[in-house]
Amino acid sequence: MSLSAGASSMDTPMPQGWDDDERMSYLFSAFRESRDVNPHDWDNKQSFWKSAIMQRCKHENKGVIDGERVAGMFKRKGRIPVAVNRVLVEMARCGEIVRQTDFESSVTAGWISWGVNQVVYKPLGWAYGAIFKRNVQSLQGPFIVLEVLKEIADATLECHHQSVNSDALDRLVDYTTLRESCRSTCVDDITFRLALLYLRKTKKIVVTDAPPEKQVIKFIGKNQTRVSQITETEIGILRLKKTRVSLKQQIEQLICDTNRLQEETRQCLRKGLKSSAKSTLRRKKLAEKSIERKEATLDTLQEMMDRIQNAETDQMVRLTLDHSYGQVAMV
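Residues numbered from 1 in each chain as written. Predicted model: local features only at pLDDT ≥ 70, side-chain atom pairs only at ≥ 80, totals over all residues. Heavy atoms only, no water.

We now examine the pairing of strand 3 (residues 142–145). As paired elements, strand 1 (residues 64–66) and strand 3 share 3 bridges and run antiparallel to each other. Across the sheet, the residue bridging to I65 is F143, located in strand 3. Where strand 2 (residues 97–99) lies against strand 3, 3 bridges are found, and the strand directions are antiparallel. By the bridge assignment for strand 3, R99 is matched with F143. (Pairing = 2+ DSSP bridges. Helix = DSSP H or I, 4+ residues; strand = E, 2+ residues; numbered from the N terminus.)

Listed below in structure tokens is the structure:
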């Protein structure tokens with residue numbers, strides 16, 4: 001979700017001097033036609049509004065802004081700052097903000113070629129086509145604030161590294177697990193997805209080709225310069241971990257079922273319903289046997305994961321995984 005227009009809430013920080021009517025009247029006014037007329041005036045407004053936009057994005061932890069609504073974010077006493085549109089155009093010209101669609105399509109174009117095209121070639125056309133026109137049109141559609149997105153991407157990388165307990169076992173993570181663990185780092189789903197795309201472009205993660213909810217992500221190691229490709233061995237380890245989680249959930253549910261069936265048996269006996277009591281008790285015993293089998297399988301999987309964690313070679317890891325597949329099939 002991009003930042004939208006509207007009156008600022010009480011907990012939203014506003015730029016310094018916001019309560020100064022005289023200063024705000026000056027900053028809300030339009031730019032002069034040319035910077036050469038008064039460079040100090042031009043640069044002062046550029047600096048103020050650029051800082052205000054960045055501050056708002058960082059406060060809300062969102063890396064996407066709506067070009068047409070940014071000015072409305074700073075509505076004050078019924079006025080909207082007309083200078084903001086020109087500031088956005090200048091930020092786009094300098095490559096500080098980029099169209100979300102251009103950023104996303106650059107996956108196939110490559111990071112370097114995309115960056116050169118956006119920051120060097122396209123902005124030159126903008127300079128003559130928009131910057132020096134008297135009536136600057138507002139930018140339309142969602143734009144990414146690259147500095148903010150980079151900070152969120154870096155925070156996501158750090159969040160993952162802090163969650164790693166074992167390099168051997170935690171090389172991969174599924175999207176859903178990662179999203180939940182990084183919820184405090186980035187509450188906005190669109191920004192989070194774009195942060196992962198940024199990490200992908202900078203060779204810090206690789207992602208399987210699947211819808212987000214089914215994606216598997218591999219992060220760069222702390223001592224690596226770039227991430228390596230996902231291997232079948234790593235997929236096998238992740239599968240083992242997910243099986244362990246599933247087993248724990250099944251056991252927890254079965255324990256709840258046995259407690260419920262125990263109470264139902266007692267109620268049937270109180271009412272003199274012996275046949276119903278026997279049937280309920282039979283179901284309880286079946287659930288208890290299922291718990292025993294699953295707990296035995298869980299213990300075996302844990303032993304295998306311990307072996308993987310302590311394995312000295314990839315071959316030893318593969319042998320352990322091969323032995324585990326029979327256990328996984330039983331679940």
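Now that the structure has been shown, we can carry on.
The next thing to look at is the packing of helix 6 (residues 146–163) against helix 8 (residues 189–201). For any two helices packed against each other, the geometry comes down to the angle between their axes and how far apart the axes lie. In the contact formed by helix 6 and helix 8, the axes pass within 9 Å of each other and the chain directions differ by 80°. Compared by their axis directions, helix 6 and helix 8 come out roughly perpendicular. Counting all contacts with helix 6, which are made through L149, K150, I152, A153, T156 and L157, the residues of helix 8 involved are T191, F192, L194, A195, L196, Y198 and L199. Across the contact of helix 6 with helix 8, the residue classes tally to 10 nonpolar, 2 polar and 1 charged. (Axes fitted to C-alpha atoms, helices over the stretch in contact; angles between N-to-C directions. Parallel < 35°, antiparallel > 145°, perpendicular 65-115°, else oblique. Contact = heavy atoms within 4.5 Å. Nonpolar A, V, L, I, M, F, W, Y, C, P; charged D, E, K, R; others polar.)

Running from N to C, helix 1 (residues 21–28) and helix 2 (residues 39–60) cross one another at 100°; their axes reach a closest spacing of 10 Å. With respect to helix 2, the axis of helix 1 lies roughly perpendicular. Across the interface between the two elements, R23, M24, Y26, L27 and F28 from helix 1 touch D41, N44, K45, F48 and W49 from helix 2. Classifying every residue of the contact of helix 1 with helix 2 gives 6 nonpolar, 1 polar and 3 charged.

Moving on, we come to helix 6. Under the 1.5 Å per step criterion, the end-to-end length of helix 6 is 26 Å for 18 residues, consistent within 8% with the ideal 26 Å. Every buried residue belonging to helix 6 is among L146, V148, L149, I152, A153, T156, L157, C159, H160 and H161, and all of these are buried. (Expected span 1.5 Å × (residues − 1). Buried < 20%, exposed > 50% of the residue type's maximum accessible area, 1.4 Å probe, protein only.)

Glancing now at the sheet that holds strand 1. Pairing in this open sheet of 3 strands is antiparallel, and the strands run 1-3-2 from one edge to the other. One side of each edge strand has no neighbouring strand; the edge strands of this open sheet are strand 1 and strand 2. On average, adjacent strands in this sheet sit at an angle of 35° to one another, irrespective of strand direction.

This part covers the pattern of salt bridges. With the rule as written, the count across this model stands at 22 salt bridges. Measuring nitrogen to oxygen at the nearest pair gives 3.9 Å for the salt bridge that ties R266 to E263. Of this pair, R266 and E263 both sit in helix 9 (residues 232–270), separated by 3 residues, roughly a single helical turn. On the basis of relative accessible area, E263 is assigned to the partly exposed category, the value being 33%. One continuous salt-bridge network, built from bridges that share partners, spans R179, E180, R183 and D189. (Salt bridge = Lys/Arg side-chain N within 4 Å of Asp/Glu carboxyl O.)

Side chains V216 and K218 of strand 6 (residues 216–219) all project onto a buried face; the interleaved residues I217 and F219 project onto the opposite face, where all are buried too. Bridging between strand 4 (residues 172–174) and strand 6 involves 3 bridges; their strand directions are antiparallel. Within strand 6, the residue paired with L172 across the bridge is K218. As paired strands, strand 5 (residues 205–207) and strand 6 are joined by 3 bridges and run antiparallel to one another. The residue of strand 6 that forms the bridge with V207 is I217.

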